[in-house]
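Notes for the structure review
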Amino acid sequence: MNSRFPKKQLPVVLSRLRSGSSLFGLKFLFLVVACTALILMMSPSLESVERQESLDTADMPVASGGYSIFHETMVDMNWPDVEKAAEQGAIILLPTAVIEEHGPHMSCGIDTYGAYLVCKLTRRELESRGIKTLIAPPFYWGINGTTHVFPGTFTVRKETMKALLHDILSSLKSWGFNDVFNLNFHGDGQHCITILESIVDARETLGLNAYCVLSEMEIMRYGLSGNEPFIVSHMSPPSYEQPQEFLDIHAGADETGIVAAFFPDQVDTDLARTLEPTRITYQQIAQWLTDARSVTPQGYLGDPAGFDAEAAREYLEADCKMIADSIEKQMMGK
Ligand SMILES: [Zn+2]
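Residues numbered from 1 in each chain as written. Predicted model: local features only at pLDDT ≥ 70, side-chain atom pairs only at ≥ 80, totals over all residues. Heavy atoms only, no water.

Of the regular secondary structure elements, the protein chain holds twelve helices and seven strands. When the 334 residues of the protein chain are sorted by exposure, 53% land in the buried category. For the protein chain, the proportion of contacts with a sequence separation of at least 24, taken over those separated by at least 6, is 80%. Surface summary for the protein chain: the accessible area is close to 14,500 Å², and the carbon and sulfur share equals 53%. (Helix = DSSP H or I, 4+ residues; strand = E, 2+ residues; numbered from the N terminus. Buried < 20%, exposed > 50% of the residue type's maximum accessible area, 1.4 Å probe, protein only. Contact = heavy atoms within 4.5 Å. Areas by Shrake-Rupley, 256 points an atom, 1.4 Å probe, with all protein chains shown as cover.)

Bringing the packing of helix H4 (residues 110–128) against helix H12 (residues 309–332) into the picture now. At a closest axis distance of 8 Å, the pairing of H4 and H12 adopts a crossing angle of 60°. Comparing their axes, H12 and H4 come out oblique. Two packed elements cross with a definite hand, and for H4 against H12 that hand is right-handed. On H12, the residues touching Leu 117, Val 118, Leu 121, Thr 122, Glu 125 and Leu 126 of H4 are Leu 316, Glu 317, Cys 320, Lys 321, Ile 323, Ala 324, Ile 327 and Glu 328. Looking at the contact of H4 with H12, its residues break down into nine nonpolar, one polar and four charged. (Axes fitted to C-alpha atoms, helices over the stretch in contact; angles between N-to-C directions. Parallel < 35°, antiparallel > 145°, perpendicular 65-115°, else oblique. Left-handed = near helix turned anticlockwise from the far one by under 90°. Nonpolar A, V, L, I, M, F, W, Y, C, P; charged D, E, K, R; others polar.)

A few words now on the environment of Tyr 113. When you line up the elements, Tyr 113 lands in helix H4. With residues near it in sequence (within four places) discarded, Tyr 113 still touches Tyr 67, Ile 69, Ser 107, Phe 263 and Gln 266.

We now examine the confidence of the model for the protein chain. Overall, the predicted model of the protein chain reaches an average pLDDT of 86, with 79% of residues at or above 70. When the criterion is pLDDT under 50, residues 5–49 qualifies, and its contacts beyond four places in sequence or with other chains add up to 148 contacts. (pLDDT = per-residue confidence, 0-100.)

The next subject is the nonpolar core. Grouped together as the largest cluster of nonpolar side chains are 42 residues, with contacts concentrated most on Ile 91, Leu 93, Phe 181 and Ile 327. Listing elements by their share of this core, those giving two or more residues are strand S3 (91–96), H4, strand S5 (179–184), strand S6 (209–215), helix H8 (253–262), helix H9 (269–274) and H12. Residue contacts for Ile 91: discarding those within four places in its chain leaves Leu 126, Ile 131, Lys 132, Thr 133, Leu 134, Asp 179, Phe 181, Ile 327 and Met 331. The next biggest cluster of nonpolar side chains, apart from the first, holds 34 residues, and it includes Met 74, Val 82, Ile 143 and Ala 210. (Core = buried A, V, L, I, M, F, W, Y, C linked by side-chain atoms within 4.5 Å.)

Turning our attention to the pairing of strand S7 (residues 231–234). Two elements, S6 and S7, share four bridges in a ladder whose sense is parallel. Bridging from a neighbouring strand, Val 213 pairs with Val 232 of S7. A crossover connection joins S6 to the parallel S7 through helix H7 (residues 216–221); in handedness this β-α-β unit is right-handed. (Pairing = 2+ DSSP bridges. Right-handed = clockwise from strand over helix to strand, strands pointing away.)

What follows deals with the environment of Glu 310. One can find Glu 310 in helix H12. Relative accessible area serves as the criterion here: at 45%, Glu 310 is assigned to the partly exposed category. Each C-alpha atom of the pair Glu 310 and Gly 257 lies 7.6 Å from the other, and the pair is 53 residues apart in sequence.

Now for the packing of aromatic side chains. Throughout the structure, instances matching the rule amount to six aromatic pairs. Centroid distance Trp 141 to Phe 154: 5.5 Å. Interplanar angle 80°. Geometry classified as edge-to-face. In this pair, Trp 141 is assigned in the loop between strand S4 (133–135) and helix H5 (158–174) and Phe 154 in the loop between S4 and H5, connecting sequence segments 13 residues apart. By relative accessible area, Trp 141 is classed as partly exposed at 37%. Phe 154 gets classed as partly exposed once you look at its relative accessible area, which sits at 47%. One aromatic cluster is present, built from ring pairs that chain together Tyr 67, Tyr 113 and Phe 263. (Phe/Tyr/Trp six-rings, centres within 6.5 Å; stacked < 30°, edge-to-face > 60°.)

Right, let's get into unusual backbone geometry. Excluding glycine, residues mostly carry a negative phi; peptide bonds, for their part, are mostly trans. With a phi close to 70°, Glu 72 is a non-glycine residue in the positive phi region. With respect to the helices and strands, Glu 72 occurs in the loop between helix H2 (46–54) and helix H3 (79–87). By relative accessible area, which is 22% here, Glu 72 ends up partly exposed. Not every positive phi belongs to a glycine, and Arg 279 is a case in point at roughly 55°. Residue placement: Arg 279 occurs in the loop between H9 and helix H10 (285–290). Looking at Arg 279, the relative accessible area reads 49%, which means it is partly exposed.

Attention now goes to empty space enclosed by the protein. This structure, assessed with the given rule, holds two cavities of 30 Å³ or more. Space inside the largest cavity adds up to approximately 60 Å³. Lining the largest cavity, in full, are Asn 182, Asn 184, Cys 192, Ile 195, Leu 196, Cys 212, Val 213, Leu 214 and Tyr 222. Elements that contribute at least two residues to the lining of the largest cavity include exactly S5, helix H6 (189–206) and S6. Of the residues contributing to the lining of the largest cavity, the split by class is seven nonpolar, two polar and no charged. (1 Å grid on protein atoms, 1.4 Å probe; cavity = no way out; pocket = protein on both sides within 12 Å on 5 of 7 lines; lining within 4 Å. Points joined across faces, edges and corners; volume = space filled by probe spheres on them.)

Written as C-alpha coordinates, this is what we have:
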(Lines give C-alpha, C1' and ligand atoms only; values in the text may rest on other atoms or scores of the structure.)
Protein backbone atom coordinates (compact mmCIF):
# COMPACT_ATOMS: atom_id res chain seq x y z
CA MET A 1 0.00 0.00 0.00
CA ASN A 2 1.31 3.29 -1.01
CA SER A 3 0.84 6.15 1.39
CA ARG A 4 2.67 8.74 -0.66
CA PHE A 5 0.65 8.63 -3.81
CA PRO A 6 -2.84 9.32 -2.67
CA LYS A 7 -4.17 11.26 -5.60
CA LYS A 8 -7.63 9.92 -5.79
CA GLN A 9 -10.06 9.08 -3.10
CA LEU A 10 -8.29 7.66 -0.14
CA PRO A 11 -7.99 10.66 2.12
CA VAL A 12 -10.48 12.21 4.40
CA VAL A 13 -13.50 10.03 3.93
CA LEU A 14 -11.49 6.99 4.81
CA SER A 15 -9.97 8.71 7.76
CA ARG A 16 -13.39 8.76 9.36
CA LEU A 17 -13.41 5.00 9.53
CA ARG A 18 -11.25 5.04 12.58
CA SER A 19 -11.29 7.66 15.20
CA GLY A 20 -10.46 8.13 18.78
CA SER A 21 -6.97 6.77 19.07
CA SER A 22 -4.94 9.44 20.72
CA LEU A 23 -1.26 10.15 20.47
CA PHE A 24 0.37 12.54 22.86
CA GLY A 25 -2.86 14.28 23.50
CA LEU A 26 -3.75 14.56 19.86
CA LYS A 27 -6.87 13.01 18.55
CA PHE A 28 -6.09 10.89 15.63
CA LEU A 29 -8.64 10.17 13.02
CA PHE A 30 -7.44 7.14 11.36
CA LEU A 31 -7.61 5.05 8.38
CA VAL A 32 -5.90 1.78 8.41
CA VAL A 33 -4.66 1.23 4.98
CA ALA A 34 -2.81 -1.86 4.38
CA CYS A 35 -2.40 -3.73 1.28
CA THR A 36 -3.97 -7.05 0.72
CA ALA A 37 -3.67 -10.07 -1.10
CA LEU A 38 -3.37 -13.31 -2.43
CA ILE A 39 -0.41 -14.37 -4.36
CA LEU A 40 -0.49 -18.05 -4.44
CA MET A 41 -3.25 -20.08 -6.01
CA MET A 42 -4.21 -23.50 -4.75
CA SER A 43 -2.45 -25.01 -7.71
CA PRO A 44 0.54 -23.37 -9.39
CA SER A 45 -0.44 -21.05 -12.21
CA LEU A 46 1.72 -20.42 -15.25
CA GLU A 47 2.75 -17.09 -13.76
CA SER A 48 3.87 -18.63 -10.49
CA VAL A 49 5.86 -21.28 -12.32
CA GLU A 50 7.59 -18.57 -14.33
CA ARG A 51 8.30 -16.61 -11.17
CA GLN A 52 9.80 -19.64 -9.49
CA GLU A 53 12.00 -20.20 -12.48
CA SER A 54 13.12 -16.59 -12.36
CA LEU A 55 14.38 -17.23 -8.83
CA ASP A 56 16.50 -20.12 -9.95
CA THR A 57 19.75 -18.23 -10.24
CA ALA A 58 22.24 -21.05 -10.10
CA ASP A 59 23.64 -20.23 -13.51
CA MET A 60 23.63 -16.45 -13.08
CA PRO A 61 26.56 -14.33 -11.90
CA VAL A 62 26.15 -13.41 -8.24
CA ALA A 63 26.15 -9.71 -9.04
CA SER A 64 23.34 -9.90 -11.58
CA GLY A 65 19.61 -9.45 -11.27
CA GLY A 66 17.22 -7.38 -9.20
CA TYR A 67 17.48 -3.84 -7.94
CA SER A 68 19.60 -2.69 -5.05
CA ILE A 69 17.78 -0.75 -2.34
CA PHE A 70 21.22 0.26 -1.07
CA HIS A 71 22.42 2.09 -4.15
CA GLU A 72 23.12 5.74 -3.26
CA THR A 73 22.38 5.05 0.43
CA MET A 74 24.84 5.16 3.34
CA VAL A 75 24.98 1.36 3.22
CA ASP A 76 27.15 1.60 0.13
CA MET A 77 29.53 4.08 1.80
CA ASN A 78 32.61 3.31 3.88
CA TRP A 79 32.74 4.42 7.49
CA PRO A 80 35.20 7.30 7.09
CA ASP A 81 32.90 8.84 4.50
CA VAL A 82 29.91 8.38 6.81
CA GLU A 83 31.86 10.07 9.59
CA LYS A 84 32.89 12.91 7.29
CA ALA A 85 29.29 13.44 6.18
CA ALA A 86 28.18 13.74 9.81
CA GLU A 87 30.94 16.30 10.45
CA GLN A 88 29.75 18.25 7.41
CA GLY A 89 26.24 18.42 8.87
CA ALA A 90 24.58 16.03 6.45
CA ILE A 91 20.91 15.37 6.98
CA ILE A 92 19.46 11.85 6.93
CA LEU A 93 16.46 10.59 4.97
CA LEU A 94 14.95 7.49 6.61
CA PRO A 95 12.81 5.40 4.25
CA THR A 96 10.17 3.22 5.98
CA ALA A 97 7.90 0.57 4.51
CA VAL A 98 7.08 -3.13 4.73
CA ILE A 99 7.35 -6.39 2.84
CA GLU A 100 3.79 -7.02 1.66
CA GLU A 101 2.00 -8.82 -1.12
CA HIS A 102 0.99 -6.61 -4.02
CA GLY A 103 -1.39 -8.72 -6.03
CA PRO A 104 -0.54 -11.49 -8.47
CA HIS A 105 1.19 -9.06 -10.82
CA MET A 106 3.83 -7.50 -8.53
CA SER A 107 6.43 -8.66 -6.02
CA CYS A 108 6.22 -8.27 -2.26
CA GLY A 109 8.89 -5.59 -2.08
CA ILE A 110 6.95 -2.80 -3.75
CA ASP A 111 6.50 -0.51 -0.75
CA THR A 112 10.14 -0.85 0.22
CA TYR A 113 11.25 -0.09 -3.32
CA GLY A 114 8.85 2.87 -3.21
CA ALA A 115 10.20 4.31 0.04
CA TYR A 116 13.72 3.89 -1.25
CA LEU A 117 12.82 5.52 -4.56
CA VAL A 118 11.22 8.56 -2.91
CA CYS A 119 14.34 9.03 -0.79
CA LYS A 120 16.62 8.58 -3.79
CA LEU A 121 14.82 11.17 -5.89
CA THR A 122 14.53 13.56 -2.95
CA ARG A 123 18.20 13.17 -2.06
CA ARG A 124 19.29 13.95 -5.61
CA GLU A 125 17.14 17.07 -5.55
CA LEU A 126 18.51 18.20 -2.18
CA GLU A 127 22.11 17.55 -3.21
CA SER A 128 21.55 19.64 -6.35
CA ARG A 129 20.61 22.48 -4.02
CA GLY A 130 23.77 22.07 -1.94
CA ILE A 131 22.18 20.20 0.97
CA LYS A 132 24.39 17.29 1.98
CA THR A 133 22.05 14.31 2.32
CA LEU A 134 22.45 10.64 3.22
CA ILE A 135 19.84 7.90 2.98
CA ALA A 136 19.61 5.48 5.91
CA PRO A 137 19.17 1.76 5.20
CA PRO A 138 15.60 1.23 3.99
CA PHE A 139 13.47 -0.02 6.90
CA TYR A 140 11.03 -2.79 6.04
CA TRP A 141 10.08 -4.62 9.26
CA GLY A 142 6.79 -2.77 9.71
CA ILE A 143 3.18 -3.55 10.54
CA ASN A 144 0.65 -5.15 8.18
CA GLY A 145 -2.54 -5.43 10.21
CA THR A 146 -4.74 -6.26 7.23
CA THR A 147 -2.70 -8.29 4.78
CA HIS A 148 -0.49 -10.31 7.10
CA VAL A 149 -2.69 -13.38 6.52
CA PHE A 150 -1.28 -13.75 3.03
CA PRO A 151 1.98 -15.52 2.27
CA GLY A 152 4.79 -13.08 1.66
CA THR A 153 3.40 -10.37 3.94
CA PHE A 154 5.43 -9.98 7.10
CA THR A 155 4.20 -8.12 10.13
CA VAL A 156 5.91 -7.32 13.41
CA ARG A 157 4.63 -6.32 16.81
CA LYS A 158 4.34 -2.64 17.50
CA GLU A 159 6.90 -2.84 20.30
CA THR A 160 9.33 -4.59 17.96
CA MET A 161 9.02 -1.87 15.34
CA LYS A 162 9.26 0.87 17.93
CA ALA A 163 12.35 -0.63 19.56
CA LEU A 164 14.01 -1.07 16.19
CA LEU A 165 13.27 2.48 15.07
CA HIS A 166 14.59 3.81 18.38
CA ASP A 167 17.83 1.91 18.02
CA ILE A 168 18.29 3.03 14.41
CA LEU A 169 17.72 6.66 15.33
CA SER A 170 19.97 6.28 18.38
CA SER A 171 22.77 4.91 16.19
CA LEU A 172 22.47 7.85 13.79
CA LYS A 173 22.59 10.31 16.67
CA SER A 174 25.63 8.61 18.22
CA TRP A 175 27.60 9.20 15.00
CA GLY A 176 26.81 12.90 15.02
CA PHE A 177 23.80 13.17 12.73
CA ASN A 178 21.24 15.61 14.10
CA ASP A 179 18.54 15.97 11.46
CA VAL A 180 16.50 12.94 10.35
CA PHE A 181 13.55 13.11 7.96
CA ASN A 182 11.28 10.07 7.70
CA LEU A 183 9.64 9.29 4.38
CA ASN A 184 7.10 6.49 4.74
CA PHE A 185 5.55 4.48 1.91
CA HIS A 186 3.02 2.28 3.72
CA GLY A 187 -0.35 3.39 5.01
CA ASP A 188 -1.36 0.81 7.65
CA GLY A 189 -2.71 2.83 10.58
CA GLN A 190 -0.71 1.14 13.32
CA HIS A 191 2.41 1.29 11.18
CA CYS A 192 2.01 5.05 10.71
CA ILE A 193 1.18 5.72 14.37
CA THR A 194 4.24 3.75 15.44
CA ILE A 195 6.46 5.89 13.24
CA LEU A 196 4.95 9.11 14.56
CA GLU A 197 5.40 7.95 18.14
CA SER A 198 8.97 6.88 17.44
CA ILE A 199 9.84 10.22 15.89
CA VAL A 200 8.41 12.09 18.87
CA ASP A 201 10.23 9.74 21.24
CA ALA A 202 13.54 10.30 19.43
CA ARG A 203 13.13 14.04 19.80
CA GLU A 204 12.47 13.71 23.52
CA THR A 205 14.89 10.98 24.52
CA LEU A 206 17.73 11.42 22.02
CA GLY A 207 17.56 15.15 21.41
CA LEU A 208 17.36 14.40 17.71
CA ASN A 209 15.78 16.79 15.22
CA ALA A 210 13.55 14.06 13.83
CA TYR A 211 10.61 14.70 11.53
CA CYS A 212 7.87 12.86 9.65
CA VAL A 213 7.58 14.36 6.18
CA LEU A 214 3.89 14.25 5.28
CA SER A 215 1.68 15.52 2.49
CA GLU A 216 -1.16 17.82 3.41
CA MET A 217 -3.52 14.95 2.70
CA GLU A 218 -1.69 12.68 5.14
CA ILE A 219 -1.70 15.40 7.78
CA MET A 220 -5.48 15.65 7.44
CA ARG A 221 -5.78 11.90 7.61
CA TYR A 222 -3.93 11.79 10.91
CA GLY A 223 -5.92 14.63 12.43
CA LEU A 224 -2.79 16.76 12.72
CA SER A 225 -2.47 20.47 12.03
CA GLY A 226 0.88 20.37 10.25
CA ASN A 227 2.32 22.84 12.73
CA GLU A 228 3.56 20.15 15.11
CA PRO A 229 7.33 20.42 15.63
CA PHE A 230 7.81 16.81 14.50
CA ILE A 231 6.00 17.31 11.18
CA VAL A 232 7.36 18.68 7.92
CA SER A 233 4.47 19.35 5.60
CA HIS A 234 4.82 19.24 1.83
CA MET A 235 2.61 20.15 -1.08
CA SER A 236 1.66 17.56 -3.71
CA PRO A 237 1.34 17.93 -7.46
CA PRO A 238 -2.14 18.10 -8.92
CA SER A 239 -3.64 14.69 -9.54
CA TYR A 240 -3.52 13.40 -13.05
CA GLU A 241 -6.77 11.59 -12.49
CA GLN A 242 -10.06 12.83 -11.22
CA PRO A 243 -11.61 11.37 -8.07
CA GLN A 244 -13.41 8.17 -8.82
CA GLU A 245 -16.23 6.25 -7.26
CA PHE A 246 -14.06 3.24 -6.53
CA LEU A 247 -10.91 3.13 -4.44
CA ASP A 248 -7.42 2.48 -5.78
CA ILE A 249 -5.30 2.13 -2.68
CA HIS A 250 -3.33 -1.08 -2.90
CA ALA A 251 -1.44 -2.50 -5.88
CA GLY A 252 -3.89 -0.74 -8.19
CA ALA A 253 -3.27 1.72 -10.99
CA ASP A 254 -1.15 4.08 -8.89
CA GLU A 255 1.38 1.63 -7.53
CA THR A 256 1.44 -0.47 -10.67
CA GLY A 257 2.28 2.69 -12.61
CA ILE A 258 5.16 3.59 -10.30
CA VAL A 259 6.61 0.11 -10.47
CA ALA A 260 6.22 -0.09 -14.24
CA ALA A 261 8.05 3.24 -14.52
CA PHE A 262 10.91 2.67 -12.10
CA PHE A 263 11.20 -1.08 -11.36
CA PRO A 264 9.81 -2.81 -14.44
CA ASP A 265 11.26 -6.20 -13.50
CA GLN A 266 9.00 -6.25 -10.43
CA VAL A 267 5.72 -6.13 -12.34
CA ASP A 268 4.10 -8.38 -14.92
CA THR A 269 2.43 -5.67 -16.98
CA ASP A 270 0.78 -8.16 -19.33
CA LEU A 271 -0.92 -9.81 -16.38
CA ALA A 272 -1.79 -6.41 -14.88
CA ARG A 273 -3.66 -5.46 -18.04
CA THR A 274 -5.90 -8.53 -17.63
CA LEU A 275 -6.91 -7.88 -14.01
CA GLU A 276 -10.44 -6.73 -13.34
CA PRO A 277 -10.92 -3.63 -11.18
CA THR A 278 -12.09 -4.44 -7.65
CA ARG A 279 -14.76 -1.74 -7.52
CA ILE A 280 -14.52 -1.28 -3.75
CA THR A 281 -16.24 1.80 -2.33
CA TYR A 282 -15.53 3.80 0.78
CA GLN A 283 -18.34 1.98 2.52
CA GLN A 284 -16.71 -1.40 1.96
CA ILE A 285 -13.32 -0.47 3.31
CA ALA A 286 -14.08 -1.42 6.90
CA GLN A 287 -14.83 -4.95 5.75
CA TRP A 288 -11.60 -5.07 3.74
CA LEU A 289 -9.58 -4.01 6.74
CA THR A 290 -10.84 -6.97 8.75
CA ASP A 291 -11.23 -9.59 6.02
CA ALA A 292 -9.06 -8.63 3.10
CA ARG A 293 -8.86 -12.11 1.71
CA SER A 294 -12.60 -12.31 1.16
CA VAL A 295 -13.04 -8.78 -0.12
CA THR A 296 -10.02 -8.77 -2.43
CA PRO A 297 -9.07 -12.41 -3.10
CA GLN A 298 -6.50 -11.43 -5.74
CA GLY A 299 -4.67 -9.19 -3.29
CA TYR A 300 -5.07 -5.80 -4.94
CA LEU A 301 -7.59 -3.05 -4.25
CA GLY A 302 -7.99 -0.86 -7.26
CA ASP A 303 -7.51 -1.07 -10.98
CA PRO A 304 -4.07 -2.44 -11.93
CA ALA A 305 -5.02 -2.56 -15.62
CA GLY A 306 -5.52 1.20 -15.62
CA PHE A 307 -1.90 2.04 -14.83
CA ASP A 308 -0.04 4.79 -16.68
CA ALA A 309 3.71 4.48 -16.19
CA GLU A 310 4.66 7.85 -17.64
CA ALA A 311 2.03 9.73 -15.68
CA ALA A 312 3.18 7.95 -12.53
CA ARG A 313 6.80 8.90 -13.26
CA GLU A 314 5.97 12.54 -13.78
CA TYR A 315 3.84 12.64 -10.66
CA LEU A 316 6.44 11.04 -8.41
CA GLU A 317 9.30 13.17 -9.68
CA ALA A 318 7.25 16.31 -9.14
CA ASP A 319 6.19 15.06 -5.71
CA CYS A 320 9.80 14.49 -4.66
CA LYS A 321 10.75 18.02 -5.75
CA MET A 322 8.03 19.29 -3.44
CA ILE A 323 9.28 17.06 -0.63
CA ALA A 324 12.75 18.53 -1.18
CA ASP A 325 11.21 22.03 -1.05
CA SER A 326 9.75 21.32 2.38
CA ILE A 327 12.96 19.80 3.77
CA GLU A 328 15.03 22.67 2.39
CA LYS A 329 12.65 25.14 3.98
CA GLN A 330 12.90 23.33 7.31
CA MET A 331 16.71 23.38 7.19
CA MET A 332 16.88 27.02 6.10
CA GLY A 333 14.58 28.02 8.93
CA LYS A 334 16.81 26.59 11.61
ZN1 LIG B 1 2.00 -0.71 -1.59
